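Residue-level structural notes
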Amino acid sequence: AGKVTIEDGDKSVVLRCSEEWSDLAIWNPYGEEKMGYKGFVCVEHGVIATPVTVQPDDIWVATVSITPTRNGLPAWTAAQQESK
């Protein structure tokens, strides 16, 4: 899946995942008022097309990093600058 950026005005989220993740689903429960569909999307990494088989006592590792940004800066930096 690699790198994915989701943008909404001056805010964005950058998702970077290891090569072990081959698939990515971005979804939203549109129309479900009780779930607050207007305020979020769900991002799920997975291995769907070609499943991974893990033998007993073996391990499989995959990683994801999530970096929220605002005005092009990491969100925590933007928040610090706005509070000054």
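The present account deals with the structure reproduced in this document.

1. Section: the environment of Ile48
Turning to its location among the elements, Ile48 is positioned in the loop between β4 (42-46) and β5 (64-70). With 21 residues separating them in the primary sequence, Ile48 and Thr69 have C-alpha atoms 29 Å apart.

2. Describing the pairing of strand β1 (residues 3-8)
Bridge count for β1 against strand β2 (residues 11-17) is six bridges, and the pairing is antiparallel. Pairing of Lys3 across the sheet is with Arg16, part of β2. Following β1, the chain reverses through two residues before pairing antiparallel with β2; Gly9 in that reversal takes a positive phi of roughly 65 degrees.

3. Side note on the sheet that holds β5
Spatial strand order, β1-β2-β5-β6: four strands in an open sheet with antiparallel pairing. Both outer strands of the open sheet, β1 and β6 (73-74), are each paired with one neighbouring strand and no more.

4. Let's talk about the state of the cysteines
Across all of its chains, the model carries zero disulfides by this definition. Not part of a disulfide, Cys17 finds its nearest cysteine sulfur in Cys42, a span of 14 Å.

5. Remarks on the pattern of salt bridges
For the coordinates displayed, the defined rule picks out one salt bridge. The closest approach of N and O atoms between Asp10 and Arg70, which form a salt bridge, is 3.3 Å. Remark: Arg70 occurs in strand β5 and Asp10 occurs in the loop between β1 and β2; sequence separation between them is 60 residues. For Arg70, a relative accessible area of 33% puts it in the partly exposed group.

6. What to know about a nonpolar patch on the surface
Judged by side-chain polarity, Leu24, Ile26 and Val41 come together as a nonpolar surface patch covering roughly 230 Å² of accessible area. Considering the arrangement of structural elements, one finds Ile26 in strand β3 (residues 23-27).

7. A few points about the packing of aromatic side chains
A ring pair, where both rings are aromatic, is described by two values, the distance of the centres and the angle of the planes. Throughout the structure, instances matching the rule amount to one aromatic pair. The interplanar angle of 90 degrees and the centroid separation of 5.4 Å between the aromatic rings of Trp21 and Trp60 together place this pair among those described as edge-to-face. Here Trp21, found in the loop between β2 and β3, pairs with Trp60, found in the loop between β4 and β5; they are 39 residues apart in sequence, far enough to count as distant. For Trp21, a relative accessible area of 17% translates into the label buried.

About the cut-offs
- Residues numbered from 1 in each chain as written.
- Predicted model: local features only at pLDDT ≥ 70, side-chain atom pairs only at ≥ 80, totals over all residues.
- Heavy atoms only, no water.
- Helix = DSSP H or I, 4+ residues; strand = E, 2+ residues; numbered from the N terminus.
- Pairing = 2+ DSSP bridges.
- Disulfide = S-S within 2.5 Å.
- Salt bridge = Lys/Arg side-chain N within 4 Å of Asp/Glu carboxyl O.
- Buried < 20%, exposed > 50% of the residue type's maximum accessible area, 1.4 Å probe, protein only.
- Patch = residues over 30% accessible without salt bridge, like charges linked within 9 Å, V, L, I, M, F, W, Y side chains within 5 Å.
- Areas by Shrake-Rupley, 256 points an atom, 1.4 Å probe, with all protein chains shown as cover.
- Phe/Tyr/Trp six-rings, centres within 6.5 Å; stacked < 30°, edge-to-face > 60°.

In short, geometric facts, not functional conclusions.
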